[in-house]
Amino acid sequence: MATPQSHADQLKAQAAQAALKFVQEGQIVGVGTGSTVNFFIEALASMKHDIAGAVSSSEASTARLKAHGIEVHELNNVSDLPVYIDGADEIDAHLRMVKGGGGALTREKIIAAVAQKFVCIADSSKQVGRLGGFPVPVEVIPMARSYVARQIVQLGGDPVWRQGFVTDNGNLILDIHNFDILDPVQLEQQLNNIVGVVTNGLFAQRGANIALIASPDGIIQLGK
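These numbers were taken from a predicted model, which means no experiment stands behind them.

Conventions and cut-offs
Residues numbered from 1 in each chain as written. Predicted model: local features only at pLDDT ≥ 70, side-chain atom pairs only at ≥ 80, totals over all residues. Heavy atoms only, no water. Core = buried A, V, L, I, M, F, W, Y, C linked by side-chain atoms within 4.5 Å. Buried < 20%, exposed > 50% of the residue type's maximum accessible area, 1.4 Å probe, protein only. Helix = DSSP H or I, 4+ residues; strand = E, 2+ residues; numbered from the N terminus. Contact = heavy atoms within 4.5 Å. Pairing = 2+ DSSP bridges. 1 Å grid on protein atoms, 1.4 Å probe; cavity = no way out; pocket = protein on both sides within 12 Å on 5 of 7 lines; lining within 4 Å. Points joined across faces, edges and corners; volume = space filled by probe spheres on them. Nonpolar A, V, L, I, M, F, W, Y, C, P; charged D, E, K, R; others polar.

Overview of the nonpolar core
So, step 1. By size, the foremost hydrophobic cluster in this structure holds 27 residues, and its most contacted members are V29, V31, F40, L44, I85, I121 and L212.
So, step 2. The biggest single contributor to this core is helix α2 (residues 35-44), with five residues.
So, step 3. Apart from the residues lying within four places of it in its own chain, the contact partners of F40 are A16, A19, L20, V23, V29, V31, I85 and I121.

As structure tokens, then:
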């Protein structure tokens, strides 16, 4: 009998495999970060000779891509990025997401901005009616940590410093609990307007174009 963990991994692998159809031959593909994306990188290795390489949202994904023999390009050298594949910590019916549980939210958001199409891969446990059950990560400049935390409290959030963690950009993460997110786009803007915030894990202004949700009944595609 399968354990819950192995069942979850099966669903993640199915979502990852389904994303291969959005990878364009001869092009560079944007690759995110996280446990579901790790399955995608494994799947992508099967067609590594058909693509021009990848751009990556984290040092961890870069190392994994290179280990599979996939060339990793600097985003500054890439002008055309047809698709970005990444997971989510939460995703709603409007394809807005909370991301950054792994701490790579800033690079993820940058690549998402460049990509023509954002394909989110997730298992059905990540689908929510309203965002905010998962803490919203906020990347902050180290000297601004306490100030940003005080400002976030005024917005109604409960910030917790992710101690012992430094982002690939050399910054800190505040995980914001207990946000009542009625308007994700507005909250994303409010958080980004706080001096010292690099960016936050609400992907609402630029959500996913497509979500591939793996459920026990198969892959559900949202968006197009």
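A closer look at the sheet that holds strand β5 (residues 97-98)
So, step 1. In spatial order, the strands read β4-β5-β11; together these three strands make up an open sheet with antiparallel pairing. On the outer flanks of this sheet lie β4 (90-91) and β11 (202-203), each paired with one strand and no other.
So, step 2. In the sheet, β5 pairs with β11 via two bridges, with the strands oriented antiparallel. Considered in β11, the bridge of V98 is made with L202.

Here we look at the layout of surface pockets
So, step 1. Estimates place the volume of the largest pocket at around 330 Å³.
So, step 2. Along its surface, the largest pocket is lined by 14 residues, and S56, H73, E74, L75 and R107 are the ones closest to its centre.
So, step 3. Those elements that provide at least two residues to the lining of the largest pocket are β2 (53-56), α3 (59-67) and α4 (105-114).
So, step 4. The space that makes up the second largest pocket amounts to roughly 220 Å³.
So, step 5. Every residue lining the second largest pocket is counted, 18 residues in all, and those nearest its centre are T33, G34, S35, A88 and D89.
So, step 6. At three residues, the largest contribution of residues to the lining of the second largest pocket is made by α2.
So, step 7. When the residues that make up the lining of the second largest pocket are grouped by side-chain class, the tally is three nonpolar, nine polar and six charged.

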